[in-house]
4 protein chains.
Amino acid sequence: MAMKAAVFEGLGKPLAIREVAEPELAPGEVLLKVENCGICGSDLHATEDGVFLQAEGTVLGHEFAGIVAASADPAVPEGLRATAVPVNACEACRDLGTCRDGLGILCPSNRITGLALDVPGAYAEYVKVGAKQVVPLPDGVSFEQGAMVEPLAVGLHAVEKAQIPMGGRVLVIGAGPIGLSVAAFARLAGAGRIVVSERAEARRAAASDFGATDVLDPGAVEDVGAAFSAATGGPPDVIFDCVGVPGMIQSCIDLSRPKGTIVVVGVCMKPDEVIPIAAILKELKLQFVLGYVESDFARVLDYLGQGRIKADGMVTDRVSLSELPEAFEALRRPDRQIKVMIRPGG
Amino acid sequence: MAMKAAVFEGLGKPLAIREVAEPELAPGEVLLKVENCGICGSDLHATEDGVFLQAEGTVLGHEFAGIVAASADPAVPEGLRATAVPVNACEACRDLGTCRDGLGILCPSNRITGLALDVPGAYAEYVKVGAKQVVPLPDGVSFEQGAMVEPLAVGLHAVEKAQIPMGGRVLVIGAGPIGLSVAAFARLAGAGRIVVSERAEARRAAASDFGATDVLDPGAVEDVGAAFSAATGGPPDVIFDCVGVPGMIQSCIDLSRPKGTIVVVGVCMKPDEVIPIAAILKELKLQFVLGYVESDFARVLDYLGQGRIKADGMVTDRVSLSELPEAFEALRRPDRQIKVMIRPGG
Amino acid sequence: MAMKAAVFEGLGKPLAIREVAEPELAPGEVLLKVENCGICGSDLHATEDGVFLQAEGTVLGHEFAGIVAASADPAVPEGLRATAVPVNACEACRDLGTCRDGLGILCPSNRITGLALDVPGAYAEYVKVGAKQVVPLPDGVSFEQGAMVEPLAVGLHAVEKAQIPMGGRVLVIGAGPIGLSVAAFARLAGAGRIVVSERAEARRAAASDFGATDVLDPGAVEDVGAAFSAATGGPPDVIFDCVGVPGMIQSCIDLSRPKGTIVVVGVCMKPDEVIPIAAILKELKLQFVLGYVESDFARVLDYLGQGRIKADGMVTDRVSLSELPEAFEALRRPDRQIKVMIRPGG
Amino acid sequence: MAMKAAVFEGLGKPLAIREVAEPELAPGEVLLKVENCGICGSDLHATEDGVFLQAEGTVLGHEFAGIVAASADPAVPEGLRATAVPVNACEACRDLGTCRDGLGILCPSNRITGLALDVPGAYAEYVKVGAKQVVPLPDGVSFEQGAMVEPLAVGLHAVEKAQIPMGGRVLVIGAGPIGLSVAAFARLAGAGRIVVSERAEARRAAASDFGATDVLDPGAVEDVGAAFSAATGGPPDVIFDCVGVPGMIQSCIDLSRPKGTIVVVGVCMKPDEVIPIAAILKELKLQFVLGYVESDFARVLDYLGQGRIKADGMVTDRVSLSELPEAFEALRRPDRQIKVMIRPGG
Ligand SMILES: NC(=O)c1ccc[n+]([C@@H]2O[C@H](COP(=O)([O-])OP(=O)(O)OC[C@H]3O[C@@H](n4cnc5c(N)ncnc54)[C@H](OP(=O)(O)O)[C@@H]3O)[C@@H](O)[C@H]2O)c1
Ligand SMILES: NC(=O)c1ccc[n+]([C@@H]2O[C@H](COP(=O)([O-])OP(=O)(O)OC[C@H]3O[C@@H](n4cnc5c(N)ncnc54)[C@H](OP(=O)(O)O)[C@@H]3O)[C@@H](O)[C@H]2O)c1
Ligand SMILES: NC(=O)c1ccc[n+]([C@@H]2O[C@H](COP(=O)([O-])OP(=O)(O)OC[C@H]3O[C@@H](n4cnc5c(N)ncnc54)[C@H](OP(=O)(O)O)[C@@H]3O)[C@@H](O)[C@H]2O)c1
Ligand SMILES: NC(=O)c1ccc[n+]([C@@H]2O[C@H](COP(=O)([O-])OP(=O)(O)OC[C@H]3O[C@@H](n4cnc5c(N)ncnc54)[C@H](OP(=O)(O)O)[C@@H]3O)[C@@H](O)[C@H]2O)c1
Ligand SMILES: [Zn+2]
Ligand SMILES: [Zn+2]
Ligand SMILES: [Zn+2]
Ligand SMILES: [Zn+2]
């Protein structure tokens, strides 16, 4: 059987809508009809020069939800509304992990569905996933919300690793999908004050729907630290870097209170400069985080189902598969988009 | 009253043995007759060009023990054998601290006795300390051991912040007084394997008295990570950087296991380069540490009194006050010294 | 100067409204004009036979807010709207505590304002407190809300000690003021499901304003554990006993999941029976909790000021000082009251 | 093939040495020739009236080591010197566990090898175990030490759950095999002072080989708490109940410092009485513990191989299979035995 998919055809070329073979199921695998799939910043990196560049023929898309169209696992019924954890760790890691504690996404041989040639993603009519990765959508959670679970799980995980004290002061730097997710979960986890620092006005405006108690524009204030303290009464207990550019970690060190925690979510791929003595004189903790663990998806969905996380405000654009290549290129010079959502059937 | 002290007289000049006024006591203060005082690497930095350079007239020495010669506090009797915590935090921080949790050495207005002009140190016959900073030596703990409590407390504190899992694999990089202290407390805290990496042969030899289960010479092995795994069965759970030179943090990142902890004890004063994505892909935690808290001194002394920490092997040289200036200059190009101990009365 | 107060005149007698001397201020003390004071279950115990019975002449009332009428401390201005921490720990504990970690309410020589003869409480026109205990009300927080901070702080503290995992399943047993406070903070701290078990219908109805995602009536369901699992998908991760009667701890043990946490907030003064092997076979943790720490008050107030805790629904009755004695006696056989609030000026 | 085994033939009857069929191996199973097997208190309970009574025909013995005599798993070679984790959790729990965090011994459907009819134990010439449960003995670790790993792992696990602060004061009540194991690991984990309370003189004498810094006889001192403080300088931070009789938990509550931790290792099968308010006024934590996790065995063995735990002093008696029934009955009225070791081949 054939299906439509957006195929990456090489550096500098737009995605191409092609007929490709529908994935075939081995035992324990499941086919999802894709209802929604988000475009992630990683997808852009995957088509740009650098360490993340993918092979020609790759089908991107790791943030998706849909309906089980076929199942080769008795535990997953056809017709189920679901999303899936796009992590394909090796079998040893899935069960036990290095040091027997379950590596999951940290598994050195892990591949992400939609970010590797051999595990094609959901910029397509159908996507194949392992049955154990399937996570059902609760009643009342839309497919679009289901396609937001993956970036939201990044926020949940980052917040969990941060161990924010109840009532604590939090600074979130960057209000892309990841920063907004982090802010929402910091709020949900009981942070007292959540200040989001972001240059783009539309994103600052979105931030208050995502838990921010204050926003600031780093380009407009003279001193981010002073502005933060003015808004909250003191320096941040926890800072989340949700940008990932050189210099950002040192900024966080400079802004933190003594004994503070800095959570590095933003992925800076270039060498970066820090001044270690500045971090020593404050006894800081730098916690780097990656992704999520499998059980995060169900937790995010429970919060979504209860209406305690409101993800909808993040979706600024909705495109069909045929509109995708153009929308994708547009994101290389983003404007006021936050999350662009693909509806392959739409 | 006058006493002899070794006075720093400015950049490029050797310490000078001078008659200076004995410190005068305000209420709540105590005068210790110095029996032993260690020379610390920080003392050398305090006499070198850079951010740590002290004013002319400074009397160094923050690692000391002696006998209470005079006391303006009823709680501290004359004749008491004691060491003292050389931290002079502001009064607010001593009691409550920023955020009410006791900053101590992290207090922004803290000065270290023996590392500031107005709180002269123990390169002298007498040193003045606050009564609350005095910590008595248990029976059986010598003055020389008492003078080692300060650097040992750095090791205890670093190990405590590391939260080494019982049976965990530990790498200690650098076997100066700090690395040796860290190794000793890592052992005492139940680490399974403690590998010390150090270039100097004499220090590697000392390391096994300080808890190391293995040593390695980073200049002699091709691959420190491979050598570590060969000795212990896998990559380190916790790495202590006890060197503090540019590049060391990134080395630690490269050597760590996924979900590992890196404790940065070594003080690198220059900007340093790290590759954030390498730390993200392993979800590492970087814990920077500074000094100790007040209660650490009593704990170190209890372990010393029980013979569970054997500090003596660290002292390679003992000098009188008059021999100090020459010994101090010699340490600018260290040879086989580990800890040089001053005996002002000797 | 004289003022009106409700005085406890001995076992079996109603409180008596008397003219008593206004408290006199020593340096560092502050006089609050009481605007609101809550009646606490402990106040009833303080007038009943048993270990909590207070001396004749005691003025009760430890949950209060008002206006600074006079101040013998420059840091606290007259006119300030404030509540106060009713803990009078000894000076050693305030600063350092046993083991130097700050005992506060756990100080063995602590007395609670309003629960001891020599520190009269706020069932009066004025109440005296230490200046350091004063906590200002933010704008927008009413005096009535301010008088709720004390029981809310019990909830915040219990939840903080519980370390509820994000998305965790929580069972709160008992929906008095304490159970409702616990539920509200469990929600605020990110618990996924919060089920409140309570017999009284009015209190069950209040519970959903205080964070409950479900309620159950232990008298109406056959099996509380089964009802909990049906509502949430599995057994509780954390259980809060907010009742404090014999047998309740063993019920919690039976209801918990393996590796669960039971937080004992309810104060059972009688010997109680547990079956240790039942707790061993599940490796449970029992965390007993008492009160709060000083900094909890400011955190509760910040949440109240932001509208993230809505305490008002707890107040079912409002009485003047002259109506207090009768209302107090009525609470010995409570009906549909939750929190009865006194307005000494009303 | 037949082999000799000691078979439980019913209440009130001594164990009988019988010829029974050698276990047959399914794929993934391994046959160990038993070199040593310890007698555990649980084995006695398994032959007494009560909840632990086993069926007739049961072969006891869960603390054993030997040589792989036959293997139906390629990963485990014949001739390997090994012990094994006697936990037979269900397959779901082994991998993931309730709440996906690995229940192991807490699995409700778990059976212990040697404590259930269908998984016969090592009071026999041969014992069958799952290949994944096999843990090799390092060089230099004897079979007798290997047979001590199981009770030592209980000590390691209890200590790990206790989170003893470095330098902390620890009280271990009871110096049977479990109390001695706990003391040894408390020492190894950095406890400052470890006081063992035990009535039997020989066991008190053994305690100092197992890490105790002091011992006390609860029958000889007037006040255990006062004796503890006299020896260590204050009340215990952590107390381990390694006895398991009614009244012991309340004793621990009374002896603890405020904010202390009580680890309940001793298994009290009868209802027990506690006074909750006493635990509330100190904000205590009661941690119940059961067994160990799989990875504990390898950690214990690494410590044994390094000579950091010295288990040999625990073995007071060594018997052959034919001497076992008499030695077993003698343990019903123990005298000066600590651990009795069976040598089926001896
Ligand atoms: N660790 C993980 O597991 C994980 C998972 C997913 C994503 N990530 C990483 O997380 C980062 C954020 O992802 P995203 O999808 O949210 O990206 P994004 O949409 O690019 O958002 C980043 C935002 O930060 C803003 N920004 C840039 N410099 C700033 C500054 N100095 N102060 C305040 N705001 C600043 C950007 O504004 P402008 O556009 O105006 O510059 C942008 O709005 C990326 O590095 C991504 O690779 C990490
Ligand atoms: N955080 C704190 O609170 C605190 C407190 C005190 C001290 N410190 C810092 O801790 C560090 C160590 O202090 P110390 O007194 O022990 O200093 P030290 O005597 O200089 O010891 C450092 C040791 O590391 C060795 N080393 C250098 N490069 C190495 C490498 N690549 N691999 C392995 N070993 C290497 C050095 O050998 P070579 O001599 O052959 O190079 C030297 O033996 C310093 O940076 C100091 O400032 C921190
Ligand atoms: N640890 C601390 O620091 C601290 C501080 C303050 C208070 N406390 C204690 O916390 C407890 C609660 O205080 P409170 O002021 O909220 O008391 P409360 O108003 O008496 O509330 C207790 C509630 O529990 C209900 N209840 C009784 N048995 C129950 C059961 N088996 N299942 C479910 N609900 C049941 C009661 O209903 P009925 O009235 O129908 O029985 C009542 O509504 C008291 O023991 C108090 O002493 C502790
Ligand atoms: N939680 C777990 O996973 C686990 C695992 C294994 C064992 N256990 C339990 O741990 C407990 C200890 O096991 P064991 O094999 O070491 O038992 P054991 O050999 O019976 O040791 C208990 C010791 O405690 C002494 N003792 C009794 N009352 C005492 C008191 N008031 N103060 C001080 N010492 C007292 C006993 O002395 P006398 O003989 O003079 O009374 C005996 O020496 C048992 O309850 C066992 O069931 C638990
Ligand atoms: Zn993504
Ligand atoms: Zn130093
Ligand atoms: Zn109260
Ligand atoms: Zn056993």
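Predicted model, so just to flag it, every value in this text is computed and none were measured.

Some words on the environment of B:Val59
Residue and element names in this part refer to chain B.
Here is step 1 of the chain: Inspection of the secondary structure assignment puts Val59 in the loop between helix H1 (41–45) and strand S4 (63–71).
Here is step 2 of the chain: When the C-alpha positions of Val59 and Ala147 are compared, they lie 17 Å apart, and in sequence the two are 88 residues distant.
Here is step 3 of the chain: Leaving out residues up to four positions away in the same chain, Val59 has contacts with Ala5, Ala6, Val7, Gly114, Pro120, Gly121, Tyr123 and Ala124.

Examining the sheet that holds strand S12 (residues 214–216) of chain C
What links the strands of a sheet is backbone hydrogen bonding, and the strands pair in either a parallel or an antiparallel sense.
Here is step 1 of the chain: Spatial strand order, S12(C)-S11(C)-S10(C)-S13(C)-S14(C)-S16(C)-S16(D)-S14(D)-S13(D)-S10(D)-S11(D)-S12(D): 12 strands in an open sheet with mixed pairing. Unpaired on one side and paired on the other, S12 of chain C together with strand S12 (214–216) of chain D mark the two borders of the sheet. Neighbour to neighbour, the strand axes of the sheet diverge by 15° on average, direction disregarded.
Here is step 2 of the chain: Taken together, the 5 bridges between strand S10 (residues 169–173) of chain D and strand S11 (residues 193–197) of chain D define a ladder with parallel strand orientation. Paired with D:Val170 across the two strands is D:Ile194, which belongs to S11(D).

Considerations on the sheet that holds strand S13 (residues 238–241) of chain A
Here is step 1 of the chain: Reading across the sheet, the 12 strands line up as S12(A)-S11(A)-S10(A)-S13(A)-S14(A)-S16(A)-S16(B)-S14(B)-S13(B)-S10(B)-S11(B)-S12(B) and stay open at both edges, with mixed pairing between neighbours. The open sheet has two free edges, formed respectively by strand S12 (214–216) of chain A together with strand S12 (214–216) of chain B, since each of these has just one partner strand. Across this sheet, the average inter-strand angle for adjacent strands is 15°, counted without regard to direction.
Here is step 2 of the chain: With respect to the sheet, helix H8 (residues 248–255) of chain A is in contact with strand S10 (169–173), S13, strand S14 (261–264) and strand S16 (285–288) of chain A, its orientation differing from that of S13(A) by roughly 165°.

Focus on the coordination of the zinc ion (ligand 7)
All names here are of chain C.
Here is step 1 of the chain: Summarising the metal site, the zinc ion (ligand 7) is bound by the protein donors Cys40 (SG) and His62 (NE2), whose distances to it range over 2.0 to 2.5 Å. Taken as a pair, Cys40 in the loop between strand S3 (29–38) and helix H1 (41–45) and His62 in the loop between H1 and strand S4 (63–71) lie far apart in primary sequence, 22 residues in all. Grouping residues by exposure puts Cys40 and His62 together as buried.

What to know about the pairing of strand S3 (residues 29–38) of chain B
A regular strand places its side chains on the two faces of the sheet in alternate fashion.
All names here are of chain B.
Here is step 1 of the chain: Burial within S3 is extensive, with 8 of its 10 residues counted as buried.
Here is step 2 of the chain: Relative to strand S8 (residues 126–130), S3 runs antiparallel, the two being bridged by 5 bridges. Looking at the pairing, Leu31 lines up with Lys128 of S8.
Here is step 3 of the chain: Relative to strand S18 (residues 339–343), S3 runs antiparallel, the two being bridged by 2 bridges. Bridged to Cys37 within S18 is Ile342.

Brief notes about the packing of helix H4 (residues 149–162) of chain C against helix H5 (residues 177–188) of chain C
A pair of packed helices is characterised by two quantities: the angle between their axes and the separation of those axes.
All names here are of chain C.
Here is step 1 of the chain: Between H4 and H5, the shortest axis-to-axis distance is 8 Å and the interhelical angle comes to 50°. One element, H4, and the other, H5, form an angle in the oblique class. Where H4 crosses over H5, the handedness of that crossing is right-handed. Taking contact as the criterion, the partners of Pro151, Leu152, Val154, Gly155, Leu156, Ala158 and Val159 in H4 are, on H5, Ile178, Ser181, Val182, Phe185 and Ala186.
Here is step 2 of the chain: Of the residues assigned to the contact of H4 with H5, the class counts are 10 nonpolar, 2 polar and no charged.

So, the site of ligand 3
Residue and element names in this part refer to chain C.
Here is step 1 of the chain: Not every one of the 21 residues close to ligand 3 is listed here, only the nearest: Glu198, Arg199, Arg203, Val243 and Gly291.
Here is step 2 of the chain: Measuring from an oxygen atom of ligand 3, one finds a backbone N or O atom of Pro177 at 3.2 Å.
Here is step 3 of the chain: Here the residues of the shell around ligand 3 sort into 13 nonpolar, 5 polar and 3 charged.

Some words on the state of the cysteines
All names here are of chain A.
Here is step 1 of the chain: Within the structure shown, the criterion is met by 0 disulfides over all chains.
Here is step 2 of the chain: Left without a disulfide partner, Cys252 is nearest to the cysteine sulfur of Cys242, which lies 9.1 Å away.
Here is step 3 of the chain: A relative accessible area of 0% places Cys252 in the buried class.

Quick look at the coordination of the zinc ion (ligand 5)
Residues and elements named next belong to chain A.
Here is step 1 of the chain: In the first shell of the zinc ion (ligand 5), the protein supplies Cys40 (SG) and His62 (NE2), at 2.1 to 2.5 Å from the metal.
Here is step 2 of the chain: Judged by relative accessible area, which is 14%, Cys40 ranks as buried.
Here is step 3 of the chain: Assessed through its relative accessible area of 3%, His62 is described here as buried.

Thoughts on the site of ligand 1
Residues and elements named next belong to chain A.
Here is step 1 of the chain: Within the structure, ligand 1 sits among 21 residues, and Glu198, Arg199, Arg203, Val243 and Gly291 are positioned closest to it.
Here is step 2 of the chain: In this structure, Arg203 approaches ligand 1 through a side-chain N or O atom, which is 2.8 Å from an oxygen atom.
Here is step 3 of the chain: Between Val267 and ligand 1, the recorded distance is 3.0 Å, taken from a backbone N or O atom to an oxygen atom.
Here is step 4 of the chain: Isolated, ligand 1 exposes 920 Å² of accessible area, and the fraction of that covered by the protein chains is 76%.

Some details on the interface of chain A and chain C
Here is step 1 of the chain: Taken residue by residue, the interface counts 20 residues in chain A and 19 residues in chain C.
Here is step 2 of the chain: The contact between chain A and chain C buries some 1,500 Å² in all, and 44% of this surface belongs to carbon and sulfur atoms.
Here is step 3 of the chain: Where chain A meets chain C, there are 2 salt bridges.
Here is step 4 of the chain: With its nearest N and O atoms 2.4 Å apart, the salt bridge here joins C:Asp302 to A:Arg193.
Here is step 5 of the chain: Counting every contact that joins chain A to chain C gives 18 residue pairs in polar contact (both at pLDDT 80 or more).
Here is step 6 of the chain: Within the residue set of the side of chain A that touches chain C, elements represented by two or more residues are helix H4 (149–162), helix H5 (177–188), strand S11 (193–197) and helix H10 (294–305) of chain A.
Here is step 7 of the chain: Of the residues in the side of chain A that touches chain C, the class split is 9 nonpolar, 5 polar and 6 charged.

Remarks on H4(C)
All names here are of chain C.
Here is step 1 of the chain: Under the 1.5 Å per step criterion, the end-to-end length of H4 is 20 Å for 14 residues, consistent within 8% with the ideal 20 Å.
Here is step 2 of the chain: Buried residues dominate H4, accounting for 12 of its 14 residues.
Here is step 3 of the chain: Among the residues of H4, those classed as buried are Val149, Glu150, Pro151, Leu152, Ala153, Val154, Gly155, Leu156, His157, Ala158, Val159 and Ala162.
Here is step 4 of the chain: Count one or two residues on from H4 and you reach Gln163, which has phi positive near 45°.

Comments concerning the confidence of the model for chain A
Here is step 1 of the chain: Summing up the model confidence of chain A, the mean pLDDT is 94 and the portion of residues at 70 or higher is 97%.
Here is step 2 of the chain: Overall fold confidence for the complex sits at a pTM of 0.97, while the interface term, ipTM, reaches 0.96.

Focus: H10(A)
All names here are of chain A.
Here is step 1 of the chain: Here H10 has its buried residues at Asp296, Phe297, Arg299, Val300, Leu301, Tyr303 and Leu304.
Here is step 2 of the chain: Those residues of H10 that are buried lie in contact with strand S5 (81–84), strand S9 (134–136), helix H3 (143–147), H4 and H5.
Here is step 3 of the chain: Gly307 sits one or two residues past H10 and shows a positive phi near 75°.

Points about the nonpolar core
Here is step 1 of the chain: Residues C:Tyr123, C:Phe185, C:Phe240, D:Tyr123, D:Phe185 and D:Phe240 are the most contacted members of the largest nonpolar core, which totals 240 residues.
Here is step 2 of the chain: C:Phe240 has contacts with C:Ala158, C:Val159, C:Ala162, C:Ile164, C:Val170, C:Leu171, C:Val172, C:Ile173, C:Val182, C:Val263 and C:Val265, leaving out every residue within four places of it along the chain.
Here is step 3 of the chain: One finds A:Leu103, A:Phe185, B:Ala189 and B:Ala207 within the second-largest nonpolar core, a separate group that totals 202 residues.

Concerning unusual backbone geometry
Here is step 1 of the chain: Here the phi dihedral of A:Gln163 falls at roughly 50°; this positive angle occurs in a residue that is not glycine.
Here is step 2 of the chain: Residue placement: A:Gln163 occurs in the loop between H4 and S10.

Structural notes on the pattern of salt bridges
Here is step 1 of the chain: Applying the stated criterion to the full structure yields 64 salt bridges over all chains.
Here is step 2 of the chain: Put simply, B:Glu283 and A:Lys161 hold a salt bridge, and the shortest N to O gap is 3.6 Å. Of this pair, B:Glu283 sits in the loop between helix H9 (276–280) and strand S16 (285–288) while A:Lys161 sits in helix H4, which puts the two residues in different chains.
Here is step 3 of the chain: Of the residues examined, A:Lys161 reaches a relative accessible area of 27% and is grouped as partly exposed.
Here is step 4 of the chain: Put simply, A:Glu48, A:Glu329 and A:Arg332 are held in one network by salt bridges that share partners.

With respect to the interface of chain B and chain A
Here is step 1 of the chain: Each partner contributes to the interface: chain B provides 39 residues, whereas chain A provides 39 residues.
Here is step 2 of the chain: Interface area, chain B with chain A, both sides summed: about 3,500 Å², of which 66% is carbon and sulfur.
Here is step 3 of the chain: Put simply, chain B and chain A have 2 salt bridges between them.
Here is step 4 of the chain: Taken together, the connections running from chain B to chain A amount to 13 residue pairs in polar contact (both at pLDDT 80 or more).
Here is step 5 of the chain: Those elements giving two or more residues to the side of chain B that touches chain A turn out to be helix H4 (149–162), strand S15 (272–274), H9 and S16 of chain B.
Here is step 6 of the chain: Residue composition of the side of chain B that touches chain A, by class: 24 nonpolar, 4 polar and 11 charged.
Here is step 7 of the chain: One ladder, built from 3 bridges, connects S16(A) with S16(B); its direction is antiparallel.

Definitions and limits used
- Residues numbered from 1 in each chain as written.
- Chains lettered and ligands numbered in written order.
- Predicted model: local features only at pLDDT ≥ 70, side-chain atom pairs only at ≥ 80, totals over all residues.
- Heavy atoms only, no water.
- Helix = DSSP H or I, 4+ residues; strand = E, 2+ residues; numbered from the N terminus.
- Contact = heavy atoms within 4.5 Å.
- Pairing = 2+ DSSP bridges.
- Axes fitted to C-alpha atoms, helices over the stretch in contact; angles between N-to-C directions.
- Donors = N, O, S within 2.8 Å, 3.2 Å for Na, K, Ca; no water.
- Buried < 20%, exposed > 50% of the residue type's maximum accessible area, 1.4 Å probe, protein only.
- Parallel < 35°, antiparallel > 145°, perpendicular 65-115°, else oblique.
- Left-handed = near helix turned anticlockwise from the far one by under 90°.
- Nonpolar A, V, L, I, M, F, W, Y, C, P; charged D, E, K, R; others polar.
- Near = heavy atom within 4 Å.
- Polar contact = N/O pair within 3.5 Å; in protein donor to acceptor, adjacent residues only side chain to side chain.
- Disulfide = S-S within 2.5 Å.
- Areas by Shrake-Rupley, 256 points an atom, 1.4 Å probe, with all protein chains shown as cover.
- Buried area = accessible area lost by both parts, 1.4 Å probe.
- Salt bridge = Lys/Arg side-chain N within 4 Å of Asp/Glu carboxyl O.
- Expected span 1.5 Å × (residues − 1).
- pLDDT = per-residue confidence, 0-100.
- Core = buried A, V, L, I, M, F, W, Y, C linked by side-chain atoms within 4.5 Å.

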